[in-house]
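# What the coordinates show
Residues per chain are reported as follows:
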Amino acid sequence: MRQALENPFYYLDNFRQVLAWVGERHGDLLHDHERAFLDRFHQVPQASQALLVRMVMRKGTLFRASKLRYTEIGCPMQASVALIEHGWVETNPMLDVAQLFGLLKKDELLRVCGNAATNNQRKIDLLQAMLAEHSQPKPFASWCEGFDDAAFALTIGDLCDRLRLMFFGNIHQDWSEFVLADLGIFRYERVAFSPASRAFHERADVDAYLHLHRCRERFEAGDAAEAVLQDIPSTPYANEWLENRRGKLLLSIARQCERNGDLPLALRLHAANRYPGARERAIRVLERCGQPEAAMRLALTAQAVPESEHEAQQLQRILPRLLRTLGEPITRRVSLTQPERIDLTLPRPEGMSVEQAVREHLSRSDAPVYYVENALINSLLGLLCWDVIFAPLPGAFFHPFHAGPADLARPDFHARRAGLFDECLSRLGTGEYRDCIRRAFRDKFGLQSHFVSWGLFDEALLELALVCIPAEHLHAFFQRILQDVPNHRSGLPDLVQLWPGEQRYRLIEVKGPGDRLQDNQKRWIDFALRHQVPIAVCYVQWSEAAP
DNA sequence: TTCACTACTG
DNA sequence: TTCACACCATCCG
DNA sequence: GATGGTGTGTCTCAGTAGTGAAAC
Ligand SMILES: [Mn+2]
Ligand SMILES: [Mn+2]
């Protein structure tokens, strides 16, 4: 049964709220015709407004009247009149064969094209047959003579995407955020950000975001790299956030060039890209096209000032290989201290992961084991530093549906809040951190946070963790994560075992047959060994052969 | 007839 | 729009 | 065995209706 909201036009209210919000805060970033839409929208009948919003919220831009039946709207033909007058919706649109296929059911398609098509073939094969036969688009009514139905095309989808982007500051949050929040499915922290807060300050930035997004969609849809590249600016954006997005897209396009064998283009793109990881790819491409000297030069440049621990780690593998290629002497790497190794032979569990099997095997009544991966440490960090993470710094929050600050993944995330974080983490030195975490757990329970996984994390585990994990360890964990949130929030071991009687714990990374430590896991292991954090790697073999 | 998958809903 | 694992190819001692 | 790379499944709110294809 569906939950009931008292207002059947709830979605229209939400849409109006976005229009008002954007009009108030982003009015100067709108063109005249866009502002005119905001004004005129309120002047059409309510049923027409509602029908438009229903279309905006649904997938695609083409709809049949028979599929637009809503009790609160009534007759869609009648409601569409005002929308067509304003040009927001087009009636009887031209449709090519592919669009027609999206609109009609299979038996209807067979009626439309009474040719050699038979009911036996699948719909996708029918499309192939019809594509060859009908190349010209036709209006819906011409395709479907004798159908008692009409078709509409939404023409303001792009404008609504723009408004949504200006409201949320990203393209992946959609109109359903409102109703999900109203129903209590997603609950968000209330952040006291200033009324002047907004996602964008320049229209050109909105344009650039939308443009990059379209380019990415084309690239992911299979458009040729060269074609997409022609539309991506070749010079950096002044806005650092957008430049980051440009760099990320260029990195994935250049990697596709690597796969296609276009190494010169890949190298050119990587070399000009400041996005993290691009320099490493440039080194690898140079290595691959037989330029070990150039690869070595770039690798040494990188080693002098590595952009991240990840890059330094890659270089430790790349540099010896390059030295060998160049015939230079290799200094053997000193083998670092290794984590404790556990070898287990277990019966292959059915319907259970290898991590769960090890969890059950190692669990004791006085030392339970939890399968937490990144959730435990990140959640403790998110709870202790809740108020810092949700502090209303300029530009960090600008709508009611944030699970974290907008600059969470930026390099200066920690630096911008250094004082606040220092003060917050200092509580780990006094013992008041436990009550602080408990209080956040109770007060904030269920509120969306990028750091806190409420589902994988209950109060029993919280108490055990607070008893068993020393404050100094928590401090070291948190510092490392905050130093580079996107790179360091992952790679933590699968399991944690807690001995409340002895106030100790250990982390256990499980490796089944064929699995091996990943780079980010190795970096966490190195960290743990440096900080005397008990850590083990558990290698599992199956005691019987696979059936 | 059943089942898998998608779009839609609040 | 994430993260971790499963699996494959290649190279090397 | 070490390394690099690619593909896959898991997430997504839970429940419902519609569609199309496979099972029977
Ligand atoms: Mn894992
Ligand atoms: Mn593991």
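See the structure shown above.
Structural notes, computed from the coordinates. Every chain begins its residue count from 1, and numbering advances along the sequence as written. Chain letters and ligand numbers both follow the written order, the letters beginning at A and the numbers at 1. Owing to the predicted nature of the model, reporting of local features is limited to residues with pLDDT of at least 70; listing and counting of side-chain atom pairs is limited to 80 or more, with chain, interface and lining totals taken over all residues. The side-chain figures draw on all heavy atoms in the structure; neither hydrogens nor water molecules are used.

## Looking at the protein's contact with DNA strand D
Spelled out, the test is: We call a residue near a molecule or strand as soon as one heavy atom of that residue lies within 4 Å of the molecule or strand. Throughout this description, a polar contact denotes any pair of N or O atoms lying within 3.5 Å of each other; where both atoms belong to protein, one of them has to be capable of donating a hydrogen while the other can accept it, and for residues adjacent in sequence the pair is counted only when both atoms sit in side chains. Numbering of helices and strands runs from the N terminus; a helix is a DSSP stretch of H or I covering at least four residues, while a strand is a stretch of E covering at least two. By the convention adopted, Pro, Cys, Tyr, Trp, Phe, Met, Ile, Leu, Val and Ala count as nonpolar, Lys, Arg, Asp and Glu as charged, and the other residues, Gly among them, as polar.
Among the 16 residues in the neighbourhood of DNA strand D, the closest are listed as Lys123, Phe186, Arg259, Arg281 and Arg317. Taking all atoms of DNA strand D within 4 Å of the protein, the share assigned to sugar and phosphate is 73%. In this structure, lysine 67 approaches DNA strand D through a side-chain N or O atom, which is 2.7 Å from a phosphate oxygen. A distance of 3.5 Å separates a phosphate oxygen of DNA strand D from a polar side-chain atom of arginine 255. At the level of secondary structure, the elements contributing two or more residues to the surface near DNA strand D comprise α13 (240-260), α15 (278-288) and α17 (309-325). Class assignment for the residues of the surface near DNA strand D results in 4 nonpolar, no polar and 12 charged.

## Quick look at the packing of helix α11 (residues 203-220) against α13
Quick reminder of the rule: Think of each axis as a best-fit line through the C-alpha atoms, taken over the contacting stretch in the case of a helix, with angles from 0 to 180 degrees between the N-to-C directions. Note that the term roughly parallel is reserved for angles under 35 degrees, roughly antiparallel for angles over 145, roughly perpendicular for angles of 65 to 115, and oblique for everything else. Working rule for handedness: look at the near helix, and if it is turned counterclockwise from the far one by less than a right angle, call the crossing left-handed; if clockwise, right-handed. Residues are treated as being in contact if the distance between any of their heavy atoms lies within 4.5 Å.
Packing of α11 against α13 brings their axes to within 10 Å, and their N-to-C directions diverge by 15°. In terms of orientation, α11 and α13 fall into the roughly parallel class. Here α11 and α13 pass one another in a crossing that is left-handed. Here Asp205, Ala208, Tyr209, Leu212, Cys215, Arg216 and Phe219 of α11 lie close against α13, whose contacting residues are Trp241, Leu242, Arg245, Arg246, Leu249, Ser252, Ile253 and Gln256. Tallied by class, residues from the contact of α11 with α13 come to 9 nonpolar, 2 polar and 4 charged.

## Focus: the sheet that holds strand β10 (residues 535-542)
Note the cut-off: Here, a strand pair is defined by DSSP locating no fewer than two bridges between the strands.
What the 5 strands build is an open sheet, ordered β6-β10-β9-β8-β7; its pairing is mixed. Both edges of this open sheet fall to β6 (340-346) and β7 (369-371), since each of them pairs with a single strand only. Neighbour to neighbour, the strand axes of the sheet diverge by 30° on average, direction disregarded. Looking at chain direction, β7 and strand β8 (residues 495-499) are connected through 3 bridges and run antiparallel. Paired with tyrosine 370 across the bridge in β8 is valine 496. Running over the sheet, helix α27 (residues 519-530) touches β9 (504-511) and β10 and is turned about 135° from β10.

## Examining the coordination of the manganese ion (ligand 2)
Which entries qualify depends on this criterion: Because water is not among the atoms used, a metal site may look incomplete, as its donors are only the N, O and S atoms within 2.8 Å, or 3.2 Å for Na, K and Ca. Per-residue accessibility, obtained with a 1.4 Å probe over protein chains only, is compared with the maximum for each type, and a residue is labelled buried under 20%, exposed over 50%, and partly exposed between these values.
Donor atoms from the polypeptide that coordinate the manganese ion (ligand 2) comprise Asp494 (OD), Glu509 (OE) and Val510 (O), at 2.0 to 2.2 Å from the metal. For valine 510, a relative accessible area of 0% puts it in the buried group.

## Structural notes on the packing of helix α1 (residues 10-26) against helix α3 (residues 46-57)
Where α1 contacts α3, the axes come no closer than 9 Å and their chain directions differ by 80°. Taken together, the axes of α1 and α3 lie roughly perpendicular to each other. Counted together, Tyr10, Tyr11, Leu12, Phe15 and Arg16 of α1 and Gln46, Gln49, Ala50, Val53, Arg54, Val56 and Met57 of α3 form the full contact between these two elements. Each residue belonging to the contact of α1 with α3 can be placed in one class, and the counts come to 8 nonpolar, 2 polar and 2 charged.

## Thoughts on the environment of arginine 198
As for its placement among the helices and strands, arginine 198 is situated in the loop between α10 (176-182) and α11. For the pair arginine 198 and alanine 98, spaced 100 residues apart in the sequence, the C-alpha separation amounts to 40 Å. Aside from chain neighbours lying at most four places away, what touches arginine 198 is Arg25, His26, Asp28, Leu29 and Phe398. There is a polar contact of 3.0 Å between the side chain of arginine 198 and the backbone oxygen of phenylalanine 200.

## Let's talk about the pattern of salt bridges
So the rule is basically this: One side-chain nitrogen of Lys or Arg within 4 Å of one carboxyl oxygen of Asp or Glu is enough to make a salt bridge.
In this structure the tally under the stated criterion is 35 salt bridges. For aspartate 28, the salt bridge identified is with arginine 198, shortest N-O distance 2.8 Å. One end of the pair, aspartate 28, is in the loop between α1 and α2 (32-41); the other, arginine 198, is in the loop between α10 and α11, with 170 residues separating them in the sequence. Judged by relative accessible area, which is 54%, aspartate 28 ranks as exposed. A salt bridge links glutamate 502 to arginine 504; its shortest N-O distance comes to 2.8 Å. Residues joined in a network through salt bridges with shared partners are Glu34, Arg162, Arg203 and Asp207.

## Here we look at the coordination of the manganese ion (ligand 1)
On the protein side, the manganese ion (ligand 1) has Glu373 (OE) and Asp494 (OD) as donor atoms, found 2.0 Å from it. The metal-metal distance between the manganese ion (ligand 1) and the manganese ion (ligand 2) is 3.6 Å, with aspartate 494 coordinating both. Here aspartate 494 lies in the loop between α26 (485-488) and β8 and glutamate 373 lies in the loop between β7 and α19 (375-384), a separation of 121 residues in the sequence. Look at aspartate 494 and you get buried, because its relative accessible area is 2%.

## Comments concerning the sheet that holds strand β1 (residues 62-64)
In sheet architecture, strand pairing relies on hydrogen bonds along the backbone and comes in two forms, parallel and antiparallel. Taking strand neighbours across the sheet as the criterion, the 3 strands line up as β1-β5-β2 in an open arrangement whose pairing is antiparallel. What marks the edges here is a single partner per strand, and that holds for β1 and β2 (89-91). Averaged over all pairs of adjacent strands, the angle between their axes in this sheet comes to 25°, without regard to strand direction. In the sheet, β2 pairs with strand β5 (residues 151-154) via 3 bridges, with the strands oriented antiparallel. From the neighbouring strand, glutamate 90 faces β5, where its bridge partner is alanine 153.

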